[in-house]
Amino acid sequence: MAAASCLLTEDQFLCSICLHVFTDPVSTPCGHNFCKTCITEHWNTNVPCQCPNCKQVFYTRPELQVNTFISEMAAQFRQSAQQKASSSSEQHVARPGEVPCDVCTGTKLKALKSCMVCLASYCETHLEPHLTASRLKRHQLIDPVEKLEGRMCTKHDKLLELFCKTDQMCVCLLCTVLDHKTHDVVPLKEEYEEKKAELRKTEAETQQLIQKRRLKIQEIKRSVELSKEDADREIAGGVQVFTALKESVERSQAELIDTIREKQRKTEKQAESFIEELEQEISKLMKRSSELEQLSRSEDHLHLLQSLPSLNTAPPTKDWTEVSVRPPSYEGTVVRAVNQLEETLSKHMKKLFEAELKRVQQYAVAVTLDPDTAQPWLILSDVGKQVKHSDVENNLPDNPERFDTCTIVLAKQSFSSGRFFFEVQVKGKIDWDLGVARESVNRKGQITLNPQNGYWTICLRNENEYKAAAGPAVRLSLKSQPETVGVFVDYEEGLVSFYDAAALIYSFTGCCFTEKLYPLFSPCPNHGGKNSAPLIIFPVNHSE
């Protein structure tokens, strides 16, 4: 029997109804074989009884008996398939997330393919009929997927094998004739290739986005590292400066105490010398007093008269009337010590300022004046580095960017992030305004320069009145008139600072910048030639 079975193919033991190896095979009068359950259910639903293969009609339902010979042969094929399946390596057993074979009983093996006609998934063994049986070879096989019923049209119970571009949905062949008759319909594979190409493109773009974000993460991490290094460096520098200042204060305090105590020691030493001298005189006088007292008690006339001349001569003494110990004067001692400390602090402050100015100057930017924003009474140099007020109004178009009343001109360059620094010569002027303005500021009519209106500026008025336009204005006290003014902006920090060659003039802090910032320059009116000197944008002279 085994030898005979080897001469037969498994295709000969498949039920043409269920397409599986026979289970309880029976033979019809026409000679065809089916599973007993399959043919019984077929005849239960189809009247009159008809052979599914040759279509012969049986007006009387045949009595069906199990064909023991075919049953044994089918059992051998089934056993052989099970042995083949059991001899397969453990890796073919379906794991969680893998599609199992729909035919396997007991342990489910991993499916290799899914059939879109049978709506079933098959392992290597149970897939064999689809690879060998001629009528099964025409079935569409795809990589194994779950829930094959979802690939059927719910309305027409047909395979979803087309795609409606109009409605962007998968449809069956009947859908194209009925509900999607005039729509743009293409084969599923064509749309699949198109969408797959789009997916590849999207995936590539996504990978680029991922890479950019990874680079951004590295950039941010590096920024944090640099920030920490800057913070550590600033802390170390700050500790060094304050330690030096503390030592200076302590040293000045010690010197002050030593000076006062030295004066007190000299006073005490003088007093001790006077007291010692007085005590010596008292001792001599007390001795003379004792001798006089004894002589006065003597009854010897001769002795008294002979001794009296020597006792009448008083021992030498000092006139103490004008002698006194006066407390030392401490007036000015503390003031002089504080002045000396102030000089020391000023030296430290100068060093700190020079370091600070050097740091902000490294953010120097090239700035040129924008003629499209200049008020008509202003004259700009050809290279856009100087501006002054004229006695004659220029005939210029009144474009939206131009200031028409206030003597203001903005730079061409704008800044919306980071830090920047520029420096302007103000030498020889009695009035000027400098700073930055946001892009959307009002440029027409009379303008009040303050942060509320989008301006962060300082100004000079009447030759020696310096103010910060903080709204209200803040009067500034400068030790000397600056010849150049540096403007530093930290956009993210919300900081606008103004420097001269020797000190920080003023800082706007806590500003909230949300627009582009433009450097602002105002040479102010000419005042009959008294204020004719131009504002000059200087190349930054980095401190050594």
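Residues numbered from 1 in each chain as written. Predicted model: local features only at pLDDT ≥ 70, side-chain atom pairs only at ≥ 80, totals over all residues. Heavy atoms only, no water.

**So, the pattern of salt bridges**
Right, on to step 1. As enumerated under the stated definition, the model contains 19 salt bridges in all.
Right, on to step 2. Taking the shortest distance from any N to any O, the salt bridge between K110 and E98 comes out at 3.9 Å. Placement of the pair is K110 in the loop between helix 3 (68–87) and strand 5 (113–115) and E98 in the loop between helix 3 and strand 5, with a sequence separation of 12 residues.
Right, on to step 3. Classification of E98 as partly exposed rests on a relative accessible area of 23%. (Salt bridge = Lys/Arg side-chain N within 4 Å of Asp/Glu carboxyl O. Helix = DSSP H or I, 4+ residues; strand = E, 2+ residues; numbered from the N terminus. Buried < 20%, exposed > 50% of the residue type's maximum accessible area, 1.4 Å probe, protein only.)

**A closer look at the packing of helix 7 (residues 188–296) against helix 8 (residues 301–312)**
Right, on to step 1. Running from N to C, helix 7 and helix 8 cross one another at 160°; their axes reach a closest spacing of 11 Å. What the angle tells us is that helix 7 and helix 8 run roughly antiparallel. Of the two possible hands of crossing, helix 7 and helix 8 adopt the one that is left-handed. For the pair helix 7 and helix 8, the contacting residues are R288, E291, L292 and L295 in the first and H303, L304, S307, L308, L311 and N312 in the second.
Right, on to step 2. Tallied by class, the residues present in the contact of helix 7 with helix 8 amount to five nonpolar, three polar and two charged. (Axes fitted to C-alpha atoms, helices over the stretch in contact; angles between N-to-C directions. Parallel < 35°, antiparallel > 145°, perpendicular 65-115°, else oblique. Left-handed = near helix turned anticlockwise from the far one by under 90°. Contact = heavy atoms within 4.5 Å. Nonpolar A, V, L, I, M, F, W, Y, C, P; charged D, E, K, R; others polar.)

**Quick word on a negative patch on the surface**
Right, on to step 1. On the surface, a cluster of negative charge is contributed by E268, E272, E276 and E279.
Right, on to step 2. The residue E279 is located in helix 7 in this model. (Patch = residues over 30% accessible without salt bridge, like charges linked within 9 Å, V, L, I, M, F, W, Y side chains within 5 Å. Areas by Shrake-Rupley, 256 points an atom, 1.4 Å probe, with all protein chains shown as cover. Lys, Arg positive; Asp, Glu negative; His and termini not counted. Charge placed at Lys NZ, Arg CZ, Asp CG, Glu CD.)

**Observations regarding helix 2 (residues 36–45)**
Note that an α-helix has 3.6 residues per turn; residues three or four places apart therefore point the same way.
Right, on to step 1. By the burial criterion, the buried members of helix 2 are C38, I39 and W43. Looking straight down helix 2, one finds that the buried residues subtend no more than 120° of arc, so they occupy a single side. Opposite its buried face, helix 2 presents the exposed residues T37, E41 and T45, each directed more than 90 degrees away. (Arc of directions from axis to C-beta.)

**Things to note about the sheet that holds strand 8 (residues 162–164)**
Hydrogen bonds along the backbone pair up the strands of a sheet, which may run parallel or antiparallel.
Right, on to step 1. Strands sit in the order 9-8-10 across an open sheet of three strands; the sheet is antiparallel. The sheet terminates laterally at strand 9 (169–171) and strand 10 (185–187), the two strands that pair on one side only. Between one strand axis and the next, the sheet turns by 35° as a mean value, whatever way the strands run.
Right, on to step 2. Pairing analysis gives three bridges linking strand 8 to strand 10, with the strands arranged antiparallel. (Pairing = 2+ DSSP bridges.)

**Some thoughts on a nonpolar patch on the surface**
Right, on to step 1. A cluster of nonpolar side chains, L174, V177 and L178, forms an exposed patch at the surface whose accessible area comes to about 270 Å².
Right, on to step 2. Assignment of secondary structure puts L174 in helix 6 (residues 173–177).

**A look at helix 9 (residues 333–361)**
Right, on to step 1. The terminal C-alpha atoms of helix 9 lie 42 Å apart, and with 29 residues this matches the ideal 42 Å at 1.5 Å per residue to within 8%.
Right, on to step 2. Those residues of helix 9 that sit buried are T333, A337, L341, F353, L357, V360 and Q361.
Right, on to step 3. Where helix 9 is buried, its residues contact helix 7, strand 14 (419–425), strand 19 (484–490), strand 20 (495–499) and strand 21 (504–508). (Expected span 1.5 Å × (residues − 1).)

**Focus: the side chain of S121**
Right, on to step 1. Mapped onto the secondary structure, S121 falls in strand 6 (residues 120–122).
Right, on to step 2. In this structure the side chain of S121 is engaged in a polar contact, spanning 2.6 Å, whose partner is the side chain of S114.
Right, on to step 3. For S121, the contacting residues outside a window of four places in its chain are V99, P100, C101, D102, V103, A111, K113, S114, V145 and L148. (Polar contact = N/O pair within 3.5 Å; in protein donor to acceptor, adjacent residues only side chain to side chain.)

**Focus on unusual backbone geometry**
Right, on to step 1. Cis geometry is found at the peptide bond from G471 to P472, where omega equals 5°.
Right, on to step 2. Within the secondary structure, P472 is located in the loop between strand 17 (465–468) and strand 18 (474–476).
Right, on to step 3. For L119, which is not a glycine, the phi torsion comes out positive at approximately 55°.
Right, on to step 4. Even without being glycine, Q168 reaches a positive phi, approximately 55°.
Right, on to step 5. Considering the arrangement of structural elements, one finds Q168 in the loop between strand 8 and strand 9.
Right, on to step 6. Its relative accessible area of 47% is what places Q168 among the partly exposed residues.

**Some remarks on the pairing of strand 23 (residues 535–538)**
Right, on to step 1. Sheet analysis places strand 12 (residues 386–389) next to strand 23, joined by two bridges and oriented antiparallel. Its bridge partner lying in strand 23, Q386 is registered against I536.

**Comments concerning the packing of aromatic side chains**
Right, on to step 1. What the rule picks out here adds up to 11 aromatic pairs.
Right, on to step 2. Consider the rings of W456 and F513, whose centres lie 5.1 Å apart with planes at 85°: the pair is edge-to-face. Linking W456 in strand 16 (residues 455–461) with F513 in the loop between strand 21 and strand 22 (517–522), this pair joins segments that are 57 residues apart in sequence.
Right, on to step 3. Relative accessible area serves as the criterion here: at 6%, W456 is assigned to the buried category.
Right, on to step 4. A centroid spacing of 5.4 Å and a plane angle of 45° characterise the contact between Y491 and F513, whose relative ring orientation is tilted. One end of the pair, Y491, is in the loop between strand 19 and strand 20; the other, F513, is in the loop between strand 21 and strand 22, and 22 residues separate them in sequence. Each member of the pair, Y491 together with F513, is buried.
Right, on to step 5. Connected via pairs of aromatic rings, a cluster forms that spans W456, Y491 and F513.
Right, on to step 6. Lying across the ring of W320, K318 places its NZ or CZ 4.8 Å from the centre. (Phe/Tyr/Trp six-rings, centres within 6.5 Å; stacked < 30°, edge-to-face > 60°. Lys NZ or Arg CZ within 6 Å of the ring centre and 35° of its normal.)

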